Amino acid sequence: QVQLVESGGGLVQPGGSLRLSCAASGIIFSAYTLGWYRQAPGKQRELVAGITRGGSTNYADSVKGRFTISRDNVNDTVHLQMNGLKPEDTAVYYCNAHRLGYMHWGQGTQVTVSS
């Protein structure tokens with residue numbers, strides 16, 4: 001059974017930082033492309049950051065220079081370091097793993113940026 005379990009969300013003031021983590025089980029983690037998506041109320045889910053099997057990364061323009069995605073193939077974990085958080089970053093953040101048509105999602109973790 002595939003499981004992706006996110007953690008690290010919460011309430012933070014503008015300009016603050018959070019580090020999200022996603023622990024995977026039930027998959028050959030190193031074979032998957034990983035991503036973090038987010039969905040704000042009333043908006044579509046959007047890709048925030050992705051990282052390939054080889055470690056290449058890509059980011060949404062809105063988070064470039066502020067967010068960093070990384071993967072740990074020993075502990076089957078993917079992280080999202082978020083710095084310089086803005087109110088518009090408020091959303092539910094989802095971990096995603098996909099490979100050859102197989103796609104898996106976590107349950108999501110809430111990030112709220114507010115003073």
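As a reminder, the structure under discussion sits directly above these lines.
From a predicted model like this one, the values you see are computed outputs, not experimental measurements.

Q: Could you give an account of the state of the cysteines, naming the residues involved and the relevant values?
A: All told, the structure shown has 1 disulfide when counted by the stated rule. Shown here is the disulfide that connects C22 with C95, its sulfur atoms set 2.2 Å apart. With the S-S dihedral at roughly -80°, the linkage between C22 and C95 falls on the left-handed side. In this pair, C22 sits in strand β3 (residues 18–25) while C95 sits in strand β9 (residues 91–99), placing the two residues 73 residues apart along the sequence.

Q: Give me the sheet that holds strand β8 (residues 77–82): which residues, what numbers.
A: Pairing within the open sheet is antiparallel, and its 4 strands lie in the order β1-β3-β8-β7. Edge positions in the open sheet fall to β1 (3–7) and β7 (67–72), since each of these has one partner strand only. This sheet shows a mean twist of 15° between the axes of neighbouring strands, independent of strand direction. In this structure, β7 lies alongside β8, joined through 6 bridges in antiparallel fashion. Each bridged residue has a counterpart across the sheet, and for I69 the counterpart in β8 is L80.

Each value, and the rule that gives it
- Residues numbered from 1 in each chain as written.
- Predicted model: local features only at pLDDT ≥ 70, side-chain atom pairs only at ≥ 80, totals over all residues.
- Heavy atoms only, no water.
- Disulfide = S-S within 2.5 Å.
- Helix = DSSP H or I, 4+ residues; strand = E, 2+ residues; numbered from the N terminus.
- Pairing = 2+ DSSP bridges.
- Axes fitted to C-alpha atoms, helices over the stretch in contact; angles between N-to-C directions.

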